[in-house]
Amino acid sequence: MVGALLLAVSAVASGEAIRGTLLAPEAGKSLQLAIAGGGTVDLELDEGLELTMRDPQLAKRLWELRGQRHEGGRFAVEKIFTVKEGELHRVTYYCEICHITTHEPGLCMCCQGDTDLRELPGE
Ligand SMILES: [Zn+2]
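Being a predicted model, the structure only gives us computed values, none of them experimental.

Peer 1: Give me the coordination of the zinc ion: which residues, what numbers.
Peer 2: In the first shell of the zinc ion, the protein supplies Cys95 (SG), Cys98 (SG), Cys108 (SG) and Cys111 (SG), at 2.3 to 2.4 Å from the metal. Its four donor atoms give the zinc ion angles of 105 to 114° at the centre, a pattern that matches the tetrahedral case. Read N to C, the donor residues that coordinate the zinc ion are spaced as C-x2-C-x9-C-x2-C. In this pair, cysteine 98 is assigned in the loop between strand 7 (87–95) and strand 8 (100–102) and cysteine 111 in the loop between strand 8 and strand 9 (116–121), connecting sequence segments 13 residues apart. Here cysteine 98 falls in the partly exposed class, since its relative accessible area comes to 22%. A relative accessible area of 33% places cysteine 111 in the partly exposed class.

Peer 1: Kindly report on unusual backbone geometry, identifying the contributing residues and their values.
Peer 2: Positive phi, close to 55°, is recorded for histidine 99, a residue that is not glycine. Summarising the element assignment, histidine 99 is placed in the loop between strand 7 and strand 8. Take histidine 99: its relative accessible area is 58%, and that puts it in the exposed class. For glutamine 112, which is not glycine, the phi torsion reads 65° and is therefore positive. Note on placement: glutamine 112 falls in the loop between strand 8 and strand 9.

Peer 1: Kindly report on the nonpolar core, identifying the contributing residues and their values.
Peer 2: Grouped together as the largest cluster of nonpolar side chains are 18 residues, with contacts concentrated most on Leu33, Leu43, Met53, Trp63, Leu65 and Val77. Sorting the residues of this core by element identifies strand 2 (15–22), strand 3 (32–35), strand 4 (40–44), helix 2 (47–53), strand 5 (62–69), strand 6 (75–84) and strand 7 as the ones contributing at least two each. Considering each element in turn, this core owes the most residues, three residues, to strand 6. Excluding residues that lie within four positions of it along the chain, leucine 65 makes contacts with Glu16, Ala17, Ile18, Leu33, Leu43, Met53, Phe75, Val77, Lys79 and Ile80.

Calculation rules
Residues numbered from 1 in each chain as written. Predicted model: local features only at pLDDT ≥ 70, side-chain atom pairs only at ≥ 80, totals over all residues. Heavy atoms only, no water. Donors = N, O, S within 2.8 Å, 3.2 Å for Na, K, Ca; no water. Tetrahedral: all angles 85-135°; square planar, octahedral: opposite > 155°, others 65-115°. Helix = DSSP H or I, 4+ residues; strand = E, 2+ residues; numbered from the N terminus. Buried < 20%, exposed > 50% of the residue type's maximum accessible area, 1.4 Å probe, protein only. Core = buried A, V, L, I, M, F, W, Y, C linked by side-chain atoms within 4.5 Å. Contact = heavy atoms within 4.5 Å.

And the structure:
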């Protein structure tokens, strides 16, 4: 189990990058990533990132998470990307009316209208 976990982790300049899919979120518990190659890890992330990762529109995505592994195996997430057709995408939300891009799901901060999920290629 631990060996598979280590194999799935590749070193990057700003910590580690892990890829995997989200386990079905349980109420009141931290999110868990099922790592590609085996194993699961508990995620520590701020509210905005957590809202994005809990977005039902993204439930089936493969994620690439960058951050730091803490003692006890928890992974402190600093950046999140979706992986589509092997390419990293930034997750954004866009209001067509106000032309405002945000990084969290929810209503537009300006007009309170709906925002559209947009995954933009690149880091
Ligand atoms: Zn708006």
